[in-house]
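Structural features, examined
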Amino acid sequence: MSQLLRQATLLSCRAPITQSQRFRGKINIQRPRAPHYERAKVLAVAQSIPAVVEEPKKKTTCFQSRRRETNMENPYLTIIAREVRNWLLHSRMIGFYHMNSIKQDDLFPVRVQLHKQNMHLKSYGKEVVKKAVEGTQFEAILPLFESNNCIVFSTEQRVSQLLRITRRVPQMILMAGIVDERLLSRNEFMAYAQLPGLQAAQGELVQTLNMAASNLVQQLETHQKNFVNVLDVHAKGETNDGTTAPAATPVNEDKQPEKA
Amino acid sequence: MSIPFSGALRRSNGIISAISKELKSVNLKGVKRITVIFDPFAENVRPTRDFLSLLSTPKISLTNPNCVIKTDVVCNRQPSEVKFSLIDSAQEKAQVKEVRLLSSNLSTLELLQLLNKHVSVLAPVEEITSKVTTKAEKQKLSGGAGAKRATKKK
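An account of the accompanying structure is given in this report.

The rules we used
Residues numbered from 1 in each chain as written. Chains lettered and ligands numbered in written order. Predicted model: local features only at pLDDT ≥ 70, side-chain atom pairs only at ≥ 80, totals over all residues. Heavy atoms only, no water. Phe/Tyr/Trp six-rings, centres within 6.5 Å; stacked < 30°, edge-to-face > 60°. Helix = DSSP H or I, 4+ residues; strand = E, 2+ residues; numbered from the N terminus. Axes fitted to C-alpha atoms, helices over the stretch in contact; angles between N-to-C directions. Left-handed = near helix turned anticlockwise from the far one by under 90°. Contact = heavy atoms within 4.5 Å. Nonpolar A, V, L, I, M, F, W, Y, C, P; charged D, E, K, R; others polar. Pairing = 2+ DSSP bridges. Core = buried A, V, L, I, M, F, W, Y, C linked by side-chain atoms within 4.5 Å. Buried < 20%, exposed > 50% of the residue type's maximum accessible area, 1.4 Å probe, protein only. Salt bridge = Lys/Arg side-chain N within 4 Å of Asp/Glu carboxyl O. Polar contact = N/O pair within 3.5 Å; in protein donor to acceptor, adjacent residues only side chain to side chain. Expected span 1.5 Å × (residues − 1). Bend = angle between axes of the 7 residues up to and from the residue. 1 Å grid on protein atoms, 1.4 Å probe; cavity = no way out; pocket = protein on both sides within 12 Å on 5 of 7 lines; lining within 4 Å. Points joined across faces, edges and corners; volume = space filled by probe spheres on them. Parallel < 35°, antiparallel > 145°, perpendicular 65-115°, else oblique.

The subject of this paragraph is the packing of aromatic side chains. All names here are of chain A. On inspection of all chains with the given rule, the structure shows two aromatic pairs over all chains. Their ring planes at 20° and their centres at 5.2 Å tell us that Trp-87 and Phe-153 sit as a pair that is stacked. Residue Trp-87 is located in helix α4 (residues 75–90), and its partner Phe-153 is located in strand β3 (residues 149–154); the two are separated by 66 residues in the primary sequence.

See below:
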């Protein structure tokens, strides 16, 4: 019984008691009545006191621009800066371009061609790159971001392909590049594209190292080789004529049973 | 006693308005070729690069479609410069073959001002060849053709 009563009182939703305050009358704002003493005390305590900002006299600051401290840190920029640093660290080849004005319509086919070569075209502003790069090894690229620019990142080192694609775009002007964590100027970048591959370069190095020894061997062998060649030619000439062909073969047949 | 109004009714945007004002009066008709040389790692290359971007906009390149803009990126810390090779008539007018702006110590606005002062002036003046035809002349021209057509129909 008591539980039922309790439930009834807790869950009850009776209609609220209403009492009308005013009916069709105009409200009074201009002549408010004096508050009760207690209410007046509370209002006095709750008054807001404006902050006292010490500004220098206008005479001294008249010709100085009055700009407040609005350099608030933008957390979005830190996120983008992290992304830029990620790209910089994980790309083996990076190309920095100065960008003249170009329609996005014209830029899109370039993006497509680059994408087919696993290269990604991005553009970032100076502030973001400064955040991403300050204190790291990439600090030297900051002067490239003064004016309009774009960057091409790639995880592979197809420098010649990149140059081939961007040569067709007059608005993209190559300024510098990074290959394998090494900053290259424009000329060096283009020279790198002309170089043969790493394996070919290593082969060349091996050849150069062996040149002294191989030279000596060659000098010793030349006379014997020449003699053998002359005999070869002579023998071939005689077989063509059709004489002494059987004379040539018995020499070989004699040799083979000896070896066995 | 009121003072008569003096001053501007509108506020300008400062340097941006100045640059756009200069850009409006750029005329490259007297130029055959523009060569911009800069080292991206040198100091104070920003005005040169900005100048290059501004010159390569379609509006300005339309003033002379025959003018070629060539960019030389060098790596020897050379001071940046902009060279305007003039066309023959402009060369005669100015007694020089080319105009060179050494831009290592100039700002973008100054570059544009110098360009307008020295190069835009040398653009050859175009003669207005369009003639205004009166109604009577037009009728004469079309009347002859109309009469011919009428006879053909018959």
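Take the packing of α4 of chain A against helix α6 (residues 126–133) of chain A next. All names here are of chain A. The contact between α4 and α6 brings their axes to 8 Å, and the two run at 65°. α6 is crossed by α4, and the crossing has right-handed handedness. The segment α4 lies against α6, with Leu-77, Thr-78, Ile-80, Ala-81, Val-84, Arg-85 and Leu-88 engaging Glu-127, Val-128, Lys-131, Ala-132 and Val-133. Here the residues of the contact of α4 with α6 sort into eight nonpolar, one polar and three charged.

All names here are of chain A. Judged from the four bridges that link them, strand β4 (residues 172–179) and strand β5 (residues 182–185) form a sheet pairing that is antiparallel. What sits directly across from Gly-177, in β5, is Leu-184. Here β4 folds back onto β5 in antiparallel fashion, the turn holding two residues, of which Asp-180 has a positive phi close to 55°.

So, about the nonpolar core. If you look at the biggest cluster of nonpolar residues, it comprises 51 residues, and the most contacted ones within it are Phe-96 and Ile-141 of chain A together with Ile-34, Phe-84 and Leu-115 of chain B. At five residues, α4 of chain A tops the list of elements feeding residues into this core. Sequence-distant contacts of Ile-34 of chain B, defined by excluding residues within four places in its chain, comprise Leu-28, Leu-55, Cys-67, Val-68, Ile-69, Lys-70, Val-82, Lys-83 and Phe-84 of chain B.

A word on the interface of chain A and chain B. Of the residues lining the interface, 20 residues belong to chain A; the matching set on chain B comes to 14 residues. Here chain A and chain B share zero salt bridges between them. Between the two partners, chain A and chain B, sit six residue pairs in polar contact (both at pLDDT 80 or more). The set of elements that each furnish at least two residues to the side of chain A that touches chain B consists of β1 (93–99), β4, β5 and α8 (186–194) of chain A. Along the lines of polarity and charge, the residues of the side of chain A that touches chain B split into ten nonpolar, eight polar and two charged.

In this section: helix α9 (residues 198–241) of chain A. Its 44 residues place the ends of α9 of chain A only 51 Å apart at the C-alpha level, less than the 64 Å of an ideal helix rising 1.5 Å per residue. Maximal helix bending in α9 of chain A amounts to about 55°, located at Met-211 of chain A.

By the element assignment, Asp-50 of chain B lies in helix α2 (residues 46–55). The residues contacting Asp-50 of chain B, other than those within four sequence positions of it, are Ser-147 of chain A together with Thr-108 of chain B.

Moving on, we come to the sheet that holds β4 of chain A. Residue and element names in this part refer to chain A. The strand order across the open sheet built from five strands is β2-β3-β1-β4-β5, with neighbouring strands paired in antiparallel fashion. Looking along the sheet, the strands with just one partner apiece sit at the ends: β2 (119–122) and β5. Each adjacent strand pair in this sheet contributes to an overall mean axis angle of 25°, direction not counted. Helix α5 (residues 104–116) rests against β1, β2, β3 and β4 of the sheet, and its axis sits at about 145° to β2. Sheet strands touched by α8: β1, β4 and β5. Its angle to β4, the strand with the most contacts, is close to 70°.

All right, on to the layout of surface pockets then. Looking at the largest pocket, its volume works out to about 780 Å³. Along the wall of the largest pocket there are 33 residues; nearest its centre are Val-169, Pro-170, Gln-171, Met-172 and Ile-173 of chain A. The biggest single contributor to the lining of the largest pocket is strand β2 (residues 68–73) of chain B, with five residues. A breakdown of the residues in the lining of the largest pocket according to their chemical character gives 17 nonpolar, ten polar and six charged. There is about 300 Å³ of room inside the second largest pocket.

Let us look at the packing of α2 of chain B against helix α5 (residues 108–118) of chain B. How two helices sit against one another is set out by the angle between their axes and by the gap between those axes. Residues and elements named next belong to chain B. Here α2 crosses α5 at 55°, and the two axes come no closer than 8 Å. Between α2 and α5, the angle is such that the two are oblique. For the crossing formed where α2 meets α5, the hand is right-handed. Along its contact with α2, which presents Pro-47, Thr-48, Asp-50, Phe-51, Leu-54 and Leu-55, the element α5 presents Thr-108, Leu-111, Leu-112 and Leu-115.

Residues and elements named next belong to chain B. Taken in spatial order, the four strands line up as β2-β1-β3-β4 in an open sheet, and their pairing is mixed. Single-partner strands in this sheet number two, and they are β2 and β4 (98–102). The mean angle between the axes of side-by-side strands here comes to 15°, regardless of whether they run parallel or antiparallel. As defined by bridge partners, strand β3 (residues 81–86) adjoins β4 across five bridges and the pair is classed as antiparallel. Note that in β4 the partner of Phe-84 across the bridge is Val-99.

These figures come from the coordinates and say nothing about function on their own.
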